Amino acid sequence: VSSEPMRVALYSGVLQTRAGIDNLEALKLCGVLHEAADRQAARNFVVRHWALQDFEAATRAVEHLDLPEERFYASEGLLAAAGSKPEEVERMIARKDLHPDVAVPLVGAYATGWRGSLDDLKAAAPSSASPMVMTALMAGYAGNHPLEAIPYLQQHPDTVFGTPVVQRMGGTLASGKPAAALEKITSGSGFKERDNLVSATFQAWMMIDFKSAGDWLKKNDTLLGNPDQADDFRLLMAKSMKHGGATESAEAWTRRIQDPAKREAALRYLESDSK
């Protein structure tokens, strides 16, 4: 069947018939679908339906899928059911032998809502001994506890949490003590996500308290250790001032841009924007 809606309707109908009667058979049927997107969506559907009935059985079935990508997409079905099965999720992540491909999404999601200590979280998810699971755990934990995640990033400089996590970290830091947070981020060892985290924190701070963010930048721009980033922040300040009608302040911020080419381009932008 070439029509996508009809194709989806056909295989969805078959899976709905089999799911709940023989979940394992339904999961195997997903593999016969020709399109990769169909296989992924089908496994997600079957696993979600199965996990709502028996979370442990569904988890173990996902662990036994042959390929990493199969386990990855099927795990989305586990996550979709996790909200209504918190005790089952806790029981699964407590398994030391939980397959890393399944532990990564489950532990990451569980850590996102964690409000306790990091040590207690690690104890609740012993599979975090695996480096890839530990990264997922820290990424989930970092949104609510960014200051505790910074040392981890400094100790593992190649770690990448990804934009959504870094944005959440920045928002949390900006709503607390952003000046101290920025100093902590920039004073220690460098790490791959540092510039992104600095940017997320500073921009969130601008949204919360524009004047304080600007005052900090005037006095501490050298702490950033990245002249290009400092210039980007100056330009953000200038554009915000311009849009707020403070033309003179916008020009003053623009003239603080250190890179001559960027400064001239910014001045031309401000002039053209005023016409």
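Up top you'll find the structure we're talking about.
Anyway, here's the lowdown on the structure attached to this text. (Residues numbered from 1 in each chain as written. Predicted model: local features only at pLDDT ≥ 70, side-chain atom pairs only at ≥ 80, totals over all residues. Heavy atoms only, no water.)

Turning to the overall build of the chain, a few remarks are in order. In terms of regular secondary structure, the chain is built from 17 helices and zero strands. Whereas a compact globule of 275 residues would reach a radius of gyration of roughly 19 Å, the chain reaches 24 Å, over 25% beyond that. Reported as C-alpha extents along the three principal axes, the dimensions of the chain are approximately 70 × 50 × 25 Å. Here the chain holds 275 residues, and 43% of them are scored as buried. Residue pairs in contact within the chain that sit at least 24 positions apart in sequence constitute 59% of those at least 6 positions apart. (Helix = DSSP H or I, 4+ residues; strand = E, 2+ residues; numbered from the N terminus. Rg over C-alpha atoms; globule rule 2.2 N^0.38 Å. Buried < 20%, exposed > 50% of the residue type's maximum accessible area, 1.4 Å probe, protein only. Contact = heavy atoms within 4.5 Å.)

Remark: helix α9 (residues 131–142) packs on helix α10 (residues 146–155), axes separated minimally by 8 Å, with the N-to-C direction vectors making an angle of 150 degrees. Put simply, α9 runs roughly antiparallel to α10. For the crossing formed where α9 meets α10, the hand is left-handed. From α9, Met134, Thr135, Met138, Tyr141 and Ala142 reach across to α10, where they touch Pro146, Glu148, Ala149 and Tyr152. (Axes fitted to C-alpha atoms, helices over the stretch in contact; angles between N-to-C directions. Parallel < 35°, antiparallel > 145°, perpendicular 65-115°, else oblique. Left-handed = near helix turned anticlockwise from the far one by under 90°.)

Here we come to the nonpolar core. Ranked by size, the top nonpolar core spans 69 residues in total, and within it Phe55, Leu78, Leu137, Met138, Phe161 and Phe202 carry the most contacts. Those residues in contact with phenylalanine 55 that lie beyond four places of it in its chain are Trp50, Leu78, Ala81, Ala82, Lys85, Glu88, Val89, Met92 and Leu106. (Core = buried A, V, L, I, M, F, W, Y, C linked by side-chain atoms within 4.5 Å.)

It is worth spelling out the pattern of salt bridges at this point. All told, the structure shown has twelve salt bridges when counted by the stated rule. A salt bridge links aspartate 101 to arginine 71, with the nearest nitrogen and oxygen atoms 2.9 Å apart. Residue aspartate 101 is found in helix α7 (residues 100–112), and its partner arginine 71 is found in helix α5 (residues 68–82); the two are separated by 30 residues along the sequence. Note on accessibility: aspartate 101 and arginine 71 belong to one class, buried. Between aspartate 215 and lysine 211 there is a salt bridge, with its nearest N and O atoms 2.8 Å apart. With aspartate 215 and lysine 211 both in helix α14 (residues 210–220), this residue pair falls four residues apart, about one helical turn. Residue lysine 211 is classed as exposed on the basis of its relative accessible area, which comes to 59%. Linked through salt bridges whose partners overlap, the residues forming this network are Glu56, Arg60, Glu88 and Arg91. (Salt bridge = Lys/Arg side-chain N within 4 Å of Asp/Glu carboxyl O.)

A few words now on the packing of aromatic side chains. Each pair of aromatic rings is reported with the distance of its centres and the angle of its planes. In the structure shown here, the tally under the stated rule is seven aromatic pairs. Sitting over the ring of tyrosine 269, lysine 239 keeps its end group 4.8 Å from the ring centre. When the ring centre of tryptophan 253 is taken as origin, the NZ or CZ atom of arginine 256, which lies over that ring, is 4.8 Å away. (Phe/Tyr/Trp six-rings, centres within 6.5 Å; stacked < 30°, edge-to-face > 60°. Lys NZ or Arg CZ within 6 Å of the ring centre and 35° of its normal.)

What follows is about the environment of isoleucine 21. With respect to the helices and strands, isoleucine 21 occurs in the loop between α1 (4–18) and α2 (23–29). On the accessibility criterion, isoleucine 21 (60% relative accessible area) is exposed.

This next bit is on helix α11 (residues 163–174). The terminal C-alpha atoms of α11 lie 16 Å apart, and with twelve residues this matches the ideal 16 Å at 1.5 Å per residue to within 8%. The inward-facing, buried residues of α11 abut α9, α10, α12 (178–187) and α13 (194–208). (Expected span 1.5 Å × (residues − 1).)

With that settled, the discussion passes to the environment of valine 102. With respect to the helices, strands and loops of the structure, valine 102 is situated in helix α7. What makes valine 102 buried here is its relative accessible area of 0%. Taking the C-alpha atoms as reference, valine 102 lies 9.4 Å from proline 68; in sequence the two are 34 residues apart. Excluding residues that lie within four positions of it along the chain, valine 102 makes contacts with Thr59, Val62, Glu63, Ser75 and Leu78.

Attention now moves to the environment of glutamate 183. By secondary structure assignment, the location of glutamate 183 is in helix α12. Counting along the chain gives 26 residues from glutamate 183 to proline 157, while the straight-line C-alpha distance between them is 18 Å. For glutamate 183, the contacting residues outside a window of four places in its chain are Trp216 and Leu223.

Bringing a negative patch on the surface into the picture now. A contiguous patch of negative charge on the surface is contributed by Glu248, Glu251, Glu264 and Glu271. Listing elements by their share of the negative patch, those giving two or more residues are α16 (247–255) and α17 (260–273). Position of glutamate 264 among the secondary structure elements: in helix α17. (Patch = residues over 30% accessible without salt bridge, like charges linked within 9 Å, V, L, I, M, F, W, Y side chains within 5 Å. Areas by Shrake-Rupley, 256 points an atom, 1.4 Å probe, with all protein chains shown as cover. Lys, Arg positive; Asp, Glu negative; His and termini not counted. Charge placed at Lys NZ, Arg CZ, Asp CG, Glu CD.)

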